[in-house]
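One letter stands for each residue in the lines below.
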Amino acid sequence: MLIVVGAVKAEDVFALAQQYYGPIPKAKVPTRNWPAEPLFKHPRVLDKIDAQIEVPLFYRIYRAPSVFAGVAGAPAPNMKTPVTLMLLASALGDSSKGYLYRTLVEEQKIATAASLDYSGVAHSETTIDLYLQPAEGVTLQQAQTALETALQNFTLTETGLNRIKTELRAAWVYAQDNPYGIAYRVGDWLATGGSADNYNTWLDLMDTVTVDDVLTAHQTYLLQNTQYTTGRLAKNREQLGE
């Protein structure tokens with residue numbers, strides 16, 4: 001796949017591509033089969049204790065659908081689902097304005113960092129990644145309890161959702177100033193199964209997502225989702241809270 005971005009003419013690019021790539025014989029590319037991991041029978045928990053760990057860390061990785069595939073080999077969801085998850089991740093996990101940062105870092109001072117990320121562009125299923133760094137003197141168990149309470153109490157207003165949509169749309173516009181970034185995102189989208197025709201579809205779908213859609217996704221993919229792995233990294237058991 002060749003993607004060219006910049007002040008060029010299409011006919012010039014095609015001529016150069018034909019000149020340099022045209023003589024290369026066409027090879028038969030085998031079909032790629034992406035194995036699907038089975039559903040977990042129960043949530044997974046990993047505790048890592050190592051004297052070299054200076055900063056304790058809590059993380060939880062939820063299995064989630066991508067644009068092109070569901071979880072454990074399930075069919076791809078309606079594209080509105082990953083767009084909704086993207087908005088949910090922005091509402092919860094923005095590093096400075098997100099609900100988790102405001103609640104756990106600024107208000108409760110339970111943590112020094114809190115984030116939640118989601119990317120829906122993947123061949124197979126993807127993940128929702130949640131990270132929490134406890135404040136000094138706070139055990140990982142205390143941080144986990146506070147986090148789970150905060151997730152239970154999450155809500156969203158129409159004003160808050162509209163703000164997130166505006167910020168994401170503005171970020172998308174500003175990103176067009178970076179030719180490398182455009183080439184990378186378009187290439188990523190095409191390589192994982194998207195087409196040029198639906199590259200910008202999410203912008204229109206974003207306008208159709210409601211507060212109820214986001215809160216339903218929160219219930220489905222976070223609160224009720226048992227397909228996750230929890231990790232706790234600590235220097236000793238005291239940091240774990242045991």
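In this text the structure is predicted, and so the values were computed from the model without any measurement.

A. Seen up close, the overall build of the protein. Regarding its fold elements, the protein presents nine helices and five strands. Going from N to C terminus, the protein has its helices and strands arranged as α-β-β-α-α-β-β-α-α-α-α-α-β-α. For the C-alpha atoms alone, the extent of the protein along its principal axes is close to 65 × 40 × 35 Å. Looking at the 242 residues of the protein, the share that counts as buried comes to 38%. Sequence-distant contacts in the protein: of pairs separated by 6 or more residues, those separated by 24 or more amount to 73%. If you sum the accessible surface of the protein, you get close to 14200 Å²; carbon and sulfur atoms cover 55% of it.

B. The nonpolar core, seen in detail. Counting 53 residues, the largest nonpolar core has Leu92 and Leu100 as its most contacted members. For this core, the leading source of residues is helix α2 (residues 80–93), giving seven residues. In this view, leucine 100 contacts Leu92, Val105, Ala114, Leu116, Leu130, Leu147, Ala150 and Leu151; residues no more than four positions away in its chain are not counted.

C. Spatial organisation of the side chain of threonine 84. If you trace the backbone, threonine 84 turns up in helix α2. The class for threonine 84 is buried, based on a relative accessible area of 6%. Sequence-distant contacts of threonine 84, that is, excluding residues within four places in its chain, are made with Val209, Asp213, Val214 and Ala217.

D. Local environment of the layout of surface pockets. The volume enclosed by the largest pocket comes to roughly 740 Å³. Mapped by element, the contributors of at least two residues to the lining of the largest pocket are α2, β3 (111–118), α5 (158–175) and α6 (179–191). When residues of the lining of the largest pocket are assigned to their parent elements, the largest contribution, six residues, is made by α2. Partitioned by chemical class, the residues of the lining of the largest pocket number 17 nonpolar, four polar and three charged.

E. Local environment of the sheet that holds strand β4 (residues 126–134). Read from one edge to the other, the open sheet built from five strands follows the order β1-β5-β2-β4-β3, with strand pairing classed as mixed. Both edges of this open sheet fall to β1 (44–49) and β3, since each of them pairs with a single strand only. Pairs of neighbouring strands in the sheet enclose a mean axial angle of 10°, with direction left out of account. Sheet analysis places β1 next to strand β5 (residues 228–234), joined by six bridges and oriented parallel. Among the inter-strand pairings, aspartate 47 is bridged to a residue of β5, identified as arginine 232. The sheet contacts of α2 involve β2 (57–64), β3 and β4, and relative to β3 the element is tilted by about 170°. Where helix α4 (residues 140–153) meets the sheet, it contacts β2, β4 and β5, and its direction lies at approximately 40° from that of β2.

F. Fine view of the packing of α2 against helix α8 (residues 211–223). Viewed as axis vectors pointing N to C, α2 and α8 meet at an angle of 90°, and their least axial separation amounts to 9 Å. Viewed along their axes, α2 and α8 adopt a mutual orientation that is roughly perpendicular. Each of Lys80, Thr81, Thr84, Leu85, Leu87, Leu88 and Leu92 in α2 lies in contact with α8, whose residues at this interface are Asp213, Val214, Ala217, His218, Tyr221 and Leu222. Looking at the contact of α2 with α8, its residues break down into eight nonpolar, three polar and two charged.

What counts, and where the lines are drawn
Residues numbered from 1 in each chain as written. Predicted model: local features only at pLDDT ≥ 70, side-chain atom pairs only at ≥ 80, totals over all residues. Heavy atoms only, no water. Helix = DSSP H or I, 4+ residues; strand = E, 2+ residues; numbered from the N terminus. Buried < 20%, exposed > 50% of the residue type's maximum accessible area, 1.4 Å probe, protein only. Contact = heavy atoms within 4.5 Å. Areas by Shrake-Rupley, 256 points an atom, 1.4 Å probe, with all protein chains shown as cover. Core = buried A, V, L, I, M, F, W, Y, C linked by side-chain atoms within 4.5 Å. 1 Å grid on protein atoms, 1.4 Å probe; cavity = no way out; pocket = protein on both sides within 12 Å on 5 of 7 lines; lining within 4 Å. Points joined across faces, edges and corners; volume = space filled by probe spheres on them. Nonpolar A, V, L, I, M, F, W, Y, C, P; charged D, E, K, R; others polar. Pairing = 2+ DSSP bridges. Axes fitted to C-alpha atoms, helices over the stretch in contact; angles between N-to-C directions. Parallel < 35°, antiparallel > 145°, perpendicular 65-115°, else oblique.

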